[in-house]
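Here are the chains, one letter per residue:
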Amino acid sequence: MNGVKTFHKQEIFFVRILAPFSVGILCFYGCMVGWISNSLLIANSLIFIYLFIRNARYKKANAYRYAGINGLIAHVLCFILGSSSVILYNNAFHSDYYALKKSNYLKIRIIEAPQKKPNIILFTALVTKSACIKPSLLTKKSENCIFNTASGKIRISISTDRHHPISLKYGDELIIPYKFVEVPSPLQPSEFDFKAWLAAQNIYHQTYLKPHEVVKTNQGTGNKVIHFALELREKQVLTYRKLIKNDDAFAVAATLILGYRADLTAETLEIYSKTGTIHVLSVSGMHVSLVYLVLNYVLWFLRGNKLLKTLKMLFILGAIWAYTLLTGFSPSVLRAAIMISVLVVAKSFARNTNNYNIIAFAAFCLLLYNPFLVWDIGFQLSFMAVLGLIYLQSKIQALWPIKQFWLAKIWETTAMSLAAQLATYPFSVYYFHQFPIYFLLSNLFITLPAALIMYMGIVILLFKLSCLGPVFEWLICFMNTGLNWIAQLPFSGVTAIWLSKTELTLLCIALLLLITALSEFRKKQLIVALLIFLNLSVLLSFGKMKAFHQKKTIRFTLKKNYAVAIIRSHKALLFTDLNPESKVFYYFIKPALDQHMVTETTFIQP
């Protein structure tokens, strides 16, 4: 079979049900017709009853003759299940959704750690009650207020200053005025789509409040475990703040180990993004994997009988979830913890486990709980990276067998980086519009420092070893300096890459076909992959020709500034009161110029 590995249907059971389930979610995400959910539920019930009866009468009805048809019907069942789940999960379809009620006050509960920025506090809240009451009856304890049940999430911004300080934290219960607006769509196609980003979190409205409009009624009403986890993380962040004097080093330590990103500067993010090492600052699969790997190595002696294996499994699971608690139950860490926990349990109790089935099971559980995760960038990149490591790493490593120990380790790390980068390449380019040329060099450089920083940082927190503080800080500064040097190298990255959804789809299909064709020696598949790459090249060339002959004017809508761009071919005259270093230009204007393939911009200022 030319080295092609085949799987029995039972080995990839969750892979087979995840595919139609995910397609159902993708097809019906954003569906704004409520009655469809009832139709889907009825169809789902009828199909389930049919399959149940067919299975119960399997032998009598000779159902094996219709195995193909029954399999197709089962896939339709999974598709409808995904469609139903994504519609039912949408808050806007719930009868008690707060935006559908006539009220003048809402009772809300803060469901995340508030982000404290200069002159503003941002957070997401869960609406629990609504009421039509006179403002004079509104007291701090709201004893005279009669509230009705309400549901849904809302994004809240509260302005602050030194004369009107306000202290908020996870679990606080507040009463706010019933005033909000729908999240606006981006004004430019190249602008970050904040509306779509919030919609993927089931949030469709936002409000801007003054401190005097907010009444705090209760504290600690949220989940006790999450409340404890966030408070624990705050204490650990303060520990790092006392030990580390360098601000950038402190921000990287808090982000890399605890997932606390509040103090991370845009300059530091840019360095890690340019070098293709941004995943180090996203506490997720890599960090949880490091915890698992070191424990699996340290506890090597717990093997043999089932009791020792079970003890090892329980100890590793406990450590993984303790670290998850330490990071404040960050969503990305939770996903990684669930995935690795499933892997650990499967490896402990089953001799023959299929890694693809394990990953599919973890993904299915997460999507069943929250179907909107399918649009989460972290979710997509995490699972693509894991699949790349499972399928590609061993194949890349086998291309160059090395016997010398340290060279073999370096090549193994290189193979890991290549596998993860290849698997995530299409989505990374689509979302971040750049590709780091020296990603191999930068990933090889940070592999050891990042692991040492993480292990040392956890040891400092667990055993209060403040004496390690100077070494800890020096190691982080060394890593930051090295990455900054790599980022400054000539041709460090290809930027301003803008792909359409059609081009992204073609790139994914072509890359998948090319990888499988080369690894499994399929000539026909290789030809198809090359043809798709050719079509993609034609599309990209057509886009470049279109940009070369373009003549257009773009008027940017900005809050406090003005900007008008007159574009001719690859040059632009920009009439604006901004300068090239301003954040407004970087976030709102430059992406639009990049999307139009403008390579030379002349600023004309009054």
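Everything below is about the structure shown above.
Residues numbered from 1 in each chain as written. Predicted model: local features only at pLDDT ≥ 70, side-chain atom pairs only at ≥ 80, totals over all residues. Heavy atoms only, no water.

Enquirer: How do you make sense of unusual backbone geometry when you look at a structure like this?
Expert: Both trends apply: most residues other than glycine have a negative phi, and most peptide bonds are in trans. The backbone of Asn119 sits at a positive phi, close to 70 degrees, despite the residue not being glycine. With respect to the element layout, Asn119 can be found in the loop between strand S2 (115–117) and strand S3 (120–131). One non-glycine residue, Asn202, lies in positive phi territory at about 70 degrees. As for its placement among the helices and strands, Asn202 is situated in the loop between helix H4 (194–199) and strand S8 (203–209). What makes Asn202 buried here is its relative accessible area of 2%. (Helix = DSSP H or I, 4+ residues; strand = E, 2+ residues; numbered from the N terminus. Buried < 20%, exposed > 50% of the residue type's maximum accessible area, 1.4 Å probe, protein only.)

Enquirer: I would appreciate a short explanation of the pairing of S8 in the present structure.
Expert: The buried fraction of S8 is high, at six of seven residues. With five bridges connecting them, strand S5 (residues 153–159) and S8 associate as parallel partners. Its bridge partner lying in S8, Ile156 is registered against Thr207. Strand direction decides the pairing type here: strand S7 (residues 181–182) and S8, joined by two bridges, are antiparallel. By the bridge assignment, Glu182 is partnered in S8 with His205. (Pairing = 2+ DSSP bridges.)

Enquirer: Can you walk me through the packing of helix H6 (residues 247–258) against helix H15 (residues 469–487) in this structure?
Expert: Helix-helix packing is described using two parameters, namely the angle between the two axes and the distance between the axes. Look at H6 against H15: their axes get within 9 Å of each other, and the N-to-C directions meet at 95 degrees. The angle between the axes of H6 and H15 places the two elements in the roughly perpendicular class. Each of Asp248, Ala249, Val252, Ala253, Leu256 and Ile257 in H6 lies in contact with H15, whose residues at this interface are Phe472, Glu473, Ile476, Cys477, Met479 and Asn480. For the contact of H6 with H15, the residue count by class is nine nonpolar, one polar and two charged. (Axes fitted to C-alpha atoms, helices over the stretch in contact; angles between N-to-C directions. Parallel < 35°, antiparallel > 145°, perpendicular 65-115°, else oblique. Contact = heavy atoms within 4.5 Å. Nonpolar A, V, L, I, M, F, W, Y, C, P; charged D, E, K, R; others polar.)

Enquirer: Can you help me understand the pattern of salt bridges in this one?
Expert: Opposite charge on two side chains lets them pair, provided their charged atoms get close. By the definition in use, this model includes nine salt bridges. Among the salt bridges present, the one from Glu412 reaches Lys409, with a minimum N-O distance of 3.7 Å. A residue pair is termed a helical-turn pair when its members lie 3 or 4 positions apart in one helix, as Glu412 and Lys409 do in helix H13 (residues 405–432) at three residues. Since its relative accessible area comes to 26%, Glu412 is described here as partly exposed. Owing to a relative accessible area of 38%, Lys409 belongs among the partly exposed residues under this scheme. (Salt bridge = Lys/Arg side-chain N within 4 Å of Asp/Glu carboxyl O.)

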